[in-house]
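# Notes for the structure review
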Amino acid sequence: MTQHLLAIDQGTTSSRSIIFADDGSIVAMSQEEFSQHYPHDGWVEHKPDDIWSSVVNTLKNVFEKCDVSVEDIATLGITNQRETTIVWDRHTGEEVYPAIVWQDRRTAQMCSELSADSELVEYITNTTGLLLDPYFSATKISWILDNVEGARTRAEAGDLLFGTVDTFLIWRLTDKASHKTDATNASRTMLFNIHNQQWDTRLLKTFSIPPAMLPEVMDCAADFGHVSADLLGKRIPINGVAGDQQAALVGQACFEKGMAKSTYGTGCFMILNTGDTPLISKNRLLTTVGYRLNGKVTYALEGSIFMAGATIQWLRDGLKLIDNAFESEALAKRAREDNGVFMVPAFTGLGAPYWDPNARGAILGLTRDTGISEIVAAGLQSVCYQTKDLQKAMESDGARLVSLRVDGGMAKNDWVMGFLSDILGAEVKRPTVTETTAVGAAFLAGLQCGIFTELATLTHCWQCDKVFTPRLNKAQRNTAYDGWKAAVARIRCS
Ligand code: ADP
């Protein structure tokens, strides 16, 4: 009997189930979208039952798309949207409130009040590696306990459980038997000490969260319980769990210090492996658990770009310069070289390392011979320059980028990836299998159940589709990057 691996990739807008062969190749995939709810300005919610049914449907459908049977599945891995917060009743399983999604800003006021205490702000960064921000789970849990009638009393009586989406799924998949998370998901709650790998007592007090609500924190490859036989007809062990960006780090086999992965979707998330050192950033980057195996933590620095593929969407929908994202590549190839046009897509302000929320976007350096090609090229290049900004910020925090592996929709664009390599002065590699988050979850599960014996096996499974090597020399690279920095300087407000 051949052994196969099953992965659940529970994302922000859809859930996917994927079956992998034991060489890491994809056998079949099933995907289902679910509804987003925006009850007030800045609020984003999901119904936990929608998340659950989309996962169950895809788990069942994926077997209809291939010859693999449930009997052939040796193990299950889970990767998930991070930080999204669910609180439910441990007896009935009913949620006390919808899932509060990572994008939700309802606790901005709470965070701004707490930030008056500079000692607390510093403590949070030094302990959790994060910034005091509504993005993370802690203030979302507080909000539910403070705003849902009776919730705090029930939580204090031990009747309520908290989980990020991984935990919620594990609890339901195991028919209430297992209340567990992994160290990467725990590291995004703003309640977890990333140094001693424990829930932090002081932060639990600060956010008034009863410790009994919290899940047990496991390695990423561990025994998370078994999928109940009622669901798929077989008890399948859940052996791998990681938050989406960390799962992609694993799926991209970035196991050496200095290796990084960047995912170019609507936004971009870049994670750099910093080995056993948790570097606390001076540039407001996040320090996070990259993965934890056999009790050993590998840390990572994480930076994000608000506008990556979204810039291309704006070229398409806002300016109507292109009909689809794919067209951008051919147009950019036609642009005059060194045309001096820069686009700074600060539509919602500038992120790392500038942190200027009031800055707004601009296209600079226009001349009479600037055409559509040059503007589209400048939009694509802006994503590369922003990645360079993150690379610089990481360097100034003491972490050197050695090589970058890419995925996400925009990574399909060879012209962009070539320019990215030029401007970073580093090799950029794109894998053949770009479902890297699901690959990561399957890898972790395979490690635990013995299909893979060590990380080196996973390194060999990772297959390169294309390598982009820098074509610019240092002087040319610096001239181009100086042009970008001058453009950014023109639009800064602070
Ligand atoms: P998400 O997961 O955030 O929805 P995806 O990984 O599916 O994103 O990537 C979609 C994004 O990638 C879109 O914003 C789109 O504009 C961009 N994109 C897709 N293909 C290309 C391409 N060939 N060139 C440039 N951008 C692209």
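Note that the structure is predicted; figures quoted are calculated from it, not measured.

Before going further, it helps to spend a moment on the sheet that holds strand S13 (residues 226–227). Hydrogen bonding along the main chain pairs the strands of a sheet, whether they run parallel or antiparallel. The six strands lie next to each other as S3-S2-S1-S5-S14-S13, forming an open sheet whose pairing is mixed. Every other strand in the sheet has two partners, leaving strand S3 (26–33) and S13 as the edge strands with one partner each. Strands in contact with helix H1 (residues 48–61) are strand S1 (4–10), strand S2 (14–21) and S3; relative to S2, the strand with the most contacts, it is inclined by about 30 degrees. The strands that helix H10 (residues 244–251) touches are strand S5 (73–80) and strand S14 (236–243); relative to S14, the one it contacts most, it runs at about 105 degrees.

What follows covers the packing of aromatic side chains. The way to describe two aromatic rings as a pair is by their centre distance and the angle between their planes. Applying the stated criterion to the full structure yields 14 aromatic pairs. Ring centres of tyrosine 135 and phenylalanine 136 lie 5.1 Å apart, and the angle between their planes is 70 degrees; this geometry places the pair in the edge-to-face category. The residues tyrosine 135 and phenylalanine 136 share a single accessibility class, namely buried. Ring geometry for phenylalanine 342 against tyrosine 385: centres 5.7 Å apart, planes inclined by 45 degrees, an arrangement best described as tilted. Highlighted residues: phenylalanine 342 in strand S19 (residues 342–344) and tyrosine 385 in helix H13 (residues 372–396), separated in sequence by 43 residues. Within the aromatic cluster, the residues linked to one another by ring pairs are Phe342, Tyr385, Trp415, Phe419 and Trp484. Here the basic side chain of lysine 388 rests over the ring of tyrosine 481, its NZ or CZ set 5.7 Å away from the ring centre.

A separate point is empty space enclosed by the protein. Scanning all chains against the criterion turns up two cavities of 30 Å³ or more. Secondary-structure elements contributing two or more residues to the lining of the largest cavity are strand S18 (296–305) and H13. There is about 40 Å³ of room inside the second largest cavity. In this structure, the second largest cavity is lined by Leu5, Phe20, Ala21, Gly24, Val439, Ala442, Phe443 and Phe452. No other element matches the three residues that helix H15 (residues 436–449) contributes to the lining of the second largest cavity. Across the lining of the second largest cavity, the residue classes tally to seven nonpolar, one polar and no charged. Viewed by domain, the lining of the second largest cavity spans two of them, domain 1 (4–244) and domain 2 (253–494), each represented by three or more residues.

We now examine the site of the ligand. The full set close to the ligand counts 13 residues, and Thr266, Gly309, Gln313, Gly409 and Asn413 are the nearest of them. For the ligand, an oxygen atom lies 3.1 Å from a polar atom in the backbone of glycine 309. Here the residues of the shell around the ligand sort into five nonpolar, eight polar and no charged.

On the surface, a nonpolar cluster with roughly 230 Å² of combined accessible area is contributed by Leu319, Ile363 and Leu366. By the secondary structure assignment, isoleucine 363 is in strand S20 (residues 362–364). Look at isoleucine 363 and you get partly exposed, because its relative accessible area is 30%.

Of all hydrophobic cores here, the largest spans 59 residues; its most connected members are Tyr264, Val344, Leu404, Met417 and Leu420. A total of eleven residues in this core trace back to one element, the largest contributor, which is H13. With near-sequence residues (within four places) excluded, leucine 420 lies in contact with Tyr264, Cys384, Thr387, Leu404, Val406 and Val428.

Inspection of every chain in the model, using the stated rule, returns 26 salt bridges. Lysine 429 is paired through a salt bridge with glutamate 427; the nearest N and O atoms lie 3.8 Å apart. A relative accessible area of 21% means that lysine 429 is categorised as partly exposed.

The next subject is the domain arrangement of the protein chain. Segmenting the protein chain into domains produces domain 1 (4–244) and domain 2 (253–494). Of note, the centres of domain 1 and domain 2, computed from C-alpha atoms alone, are 27 Å apart. Contact with domain 1, which involves 46 residues of that partner, is made by 34 residues of domain 2. Buried area between domain 1 and domain 2, both sides added, is near 3,000 Å², and the carbon and sulfur share of it is 65%. Summed over the three residues of domain 1 that lose the most area to domain 2, namely Leu5, Leu131 and Asp219, the buried surface amounts to 16% of that side. Inspection of the domain 1/domain 2 interface yields four salt bridges. Note that arginine 188 is salt-bridged to glutamate 302, the shortest N-O span being 3.1 Å. One can count 13 residue pairs in polar contact (both at pLDDT 80 or more) joining domain 1 with domain 2. When contributions to the side of domain 1 that touches domain 2 are tallied by element, the ones reaching two or more residues are S1, S2, S3, S5, helix H3 (118–128), helix H7 (183–186), strand S12 (216–218) and S14. The dominant element in the side of domain 1 that touches domain 2, judged by the number of residues it contributes, is S5, at six residues.

Locating threonine 298 in the fold gives a position in strand S18. Beyond its immediate sequence surroundings of up to four residues, threonine 298 is in contact with Asn273, Gly275, Val289, Gly290 and Tyr291.

By volume, the second largest pocket amounts to about 710 Å³. In this structure, the second largest pocket is lined by 23 residues; those nearest its centre are Glu337, Asp338, Gln381, Phe419 and Leu472. It is helix H14 (residues 414–424) that provides the largest number of residues to the lining of the second largest pocket, a total of four residues. Looking at side-chain class alone, the lining of the second largest pocket contains ten nonpolar, five polar and eight charged residues.

It is worth spelling out H10 at this point. Each α-helix turn comprises 3.6 residues. Residues three or four places apart therefore point the same way. Counting buried residues along H10, eight of its eight residues qualify, which places the element largely inside the surrounding structure. Listing the buried residues of H10 in full gives Asp244, Gln245, Gln246, Ala247, Ala248, Leu249, Val250 and Gly251. Remark: alanine 253 follows H10 within two positions and exhibits a positive phi of approximately 55 degrees.

So, how was this worked out
Counting starts from 1 at the beginning of each chain's written sequence and moves along it residue by residue. Side-chain atom pairs in this predicted model are given and counted only at pLDDT of 80 or more, local residue features only at pLDDT of at least 70, and totals for whole chains, interfaces and linings cover all residues. Computation of side-chain values: all heavy atoms of the structure, hydrogens and water removed. Two strands are said to pair when DSSP picks up at least two bridges between them. Working definition: helices are DSSP H or I runs of at least four residues, strands are E runs of at least two. Numbering for both runs from the N terminus. Contacts: residue pairs with any heavy atoms within 4.5 Å of one another. For helices, the fitted axis covers only the stretch in contact; all axes are lines through C-alpha atoms, and the angles between them, taken along N-to-C directions, range from 0 to 180 degrees. In this analysis, rings of Phe, Tyr and Trp, with Trp reduced to its six-membered ring, are considered paired at centre separations within 6.5 Å, and the interplanar angle assigns stacked below 30 degrees, edge-to-face beyond 60, and tilted for intermediate values. Three labels apply to residues, based on accessible area from a 1.4 Å probe with only protein chains included: buried if under 20% of the type maximum, exposed if over 50%, partly exposed otherwise in between. Note on geometry: a ring has a charge over it if NZ (lysine) or CZ (arginine) is within 6 Å of the ring centre and within 35 degrees of the ring normal. We place a 1 Å grid over just the protein atoms. Points where a 1.4 Å probe fits but has no way out form a cavity, open points with protein on both sides within 12 Å along at least 5 of 7 lines form a pocket, and any residue with an atom within 4 Å of a point lines it. Grid points are joined across faces, edges and corners, and a volume is the space filled by probe spheres set on the points. In this classification, Asp, Glu, Lys and Arg are treated as charged, Ala, Val, Leu, Ile, Met, Phe, Trp, Tyr, Cys and Pro as nonpolar, and every other residue, Gly included, as polar. An automatic or database domain assignment provides the domain bounds reported here. To be near a molecule or strand, a residue needs just one of its heavy atoms within 4 Å of it. Polar contacts, as counted here, are pairs of nitrogen or oxygen atoms within 3.5 Å of one another; within protein the pair requires one atom able to donate a hydrogen and one able to accept it, and residues that are adjacent in sequence qualify only if both atoms are side-chain atoms. Within the patch definition used here, like charges are joined within 9 Å and nonpolar side chains (Val, Leu, Ile, Met, Phe, Trp, Tyr) within 5 Å, considering only residues with over 30% relative accessible area and no salt bridge. Per-residue and other accessible areas were derived by the Shrake-Rupley procedure at a 1.4 Å probe size, with only the shown protein chains allowed to occlude residues. Every case where a carboxyl oxygen of Asp or Glu lies within 4 Å of a side-chain nitrogen of Lys or Arg is listed as a salt bridge. Among buried residues, those of type Ala, Val, Leu, Ile, Met, Phe, Trp, Tyr and Cys that are joined through side-chain atoms within 4.5 Å constitute a nonpolar core. Buried surface area refers to the total accessible area, computed with a probe of radius 1.4 Å, that the two partners give up upon joining, counted for both partners together.

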